[in-house]
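# Structural characterization, general
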Amino acid sequence: MTTKKRQTKQPVNIWKWLFIVLVAILLGSGAYLGVKLTTPAPAATADEKVIKRDPTFAVNLNKSQVNAIISYYLKHYLADSKIKYKFDLDQQAILKGKFKLLGYHVPFSIYFDPNVKANGDIQLKAKKMAIGSLSIPTKTVMNYVSHSYKFPKWVQFNNRKKIILLKLNEFKMKNGMQIKAKQIDLPNDKIRLDVYIPQFKPVKD
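Here is what the cut-offs are and how they apply
Residue indices begin from 1 for each chain and proceed along its sequence in written order. The predicted origin of the model limits local features to residues at a pLDDT of at least 70 and limits the giving and counting of side-chain atom pairs to 80 or more, whereas totals for whole chains, interfaces and linings rest on all residues. Only hydrogens and water are removed before side-chain values are computed, so all heavy atoms of the structure are retained for them. A pair of aromatic rings is counted whenever rings of Phe, Tyr or Trp (Trp by its six-membered ring) have centres within 6.5 Å, and the orientation is called stacked for planes under 30 degrees apart, edge-to-face for over 60 and tilted otherwise. By the criteria applied, helices consist of DSSP H or I runs no shorter than four residues and strands consist of E runs no shorter than two, each listed in order from the N terminus. A ring is considered to have a charge above it if a Lys NZ or an Arg CZ atom is located within 6 Å of its centre and within 35 degrees of its normal. Pairing between two strands requires that DSSP report at least two bridges joining them. Working convention: axes come from line fits to C-alpha atoms, limited for helices to the stretch in contact. Angles between N-to-C directions cover 0 to 180 degrees. Residue contacts are defined here by distance: any two heavy atoms, one from each residue, within 4.5 Å place the two residues in contact.

For the protein chain, the name recorded in an unreviewed UniProt entry is YfaA, with Loigolactobacillus rennini as its organism.

Here you go:
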């Protein structure tokens, strides 16, 4: 009579597999972040649109008033977005947000000098960045932000030159109103905008 030898099962080393899964997650996160940080942004278009009519009226604002308007706009614009950010005016224009690095949310602040272009658009030139103890180039973080954050179509990034262009000539409110920048003097707390009310064609009898 022959007896079958029982096959003993090797115990599963759960810690080994947990370690492998953890490494896979970290490598995946690192690869995702690497792609976001290094993928070039879409090329900027050279054409500049211009509102070809006289402004309806001009409005003078201070930084507090503009910050309230921006906060209201972003609250509604980012309502369905998981990634939030802030844009404030102080002595400089400041973009504040977070990016995820190995499971941790790292806060950053990019400081811009605003410049009003001849056509009324606003150019923001990055001058410095605060990102805790990390040493990451500003244009690298801007590249990540331009790919991961939700921005309107009239906000255009040039990460190589560390510039954000607010193409106000392409921005139109729901009621058809448009605006152009006339003056931005942050140290003296003066912001002047030209406002354009849509022209309605008269209804013929």
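After presenting the structure, the write-up continues.
As a further point, take the packing of aromatic side chains. Tallied over the full model, the rule gives 9 aromatic pairs. When the ring of Y73 is compared with that of Y77, the centres are 5.7 Å apart and the planes differ by 10°; the resulting orientation is stacked. Here Y73 and its partner Y77 are both found in helix α2 (residues 63-77), 4 residues apart, which amounts to about one turn of the helix. Each member of the aromatic cluster is reached from another via a ring pair, and the members are Y85, F108, Y149, F151 and F157. Over the ring of Y77 we find K150; its NZ or CZ atom is 4.6 Å from the centre of that ring.

Taken together, 6 strands build an open sheet; the order of strands is β2-β3-β4-β5-β7-β6 and the sheet is antiparallel. In the strand order of this sheet, the two ends are held by β2 (86-89) and β6 (155-158), each with one partner. Strand-to-strand twist of the sheet, defined as the mean angle between neighbouring strand axes without regard to direction, takes the value 30°. In the sheet, strand β4 (residues 104-116) pairs with strand β5 (residues 122-130) via 8 bridges, with the strands oriented antiparallel. Bridging across to β5, F112 finds its partner in A126. Sheet strands touched by helix α3 (residues 138-148): β3 (93-101), β4, β5, β6 and β7 (163-166). Its angle to β4, the strand with the most contacts, is close to 100°.

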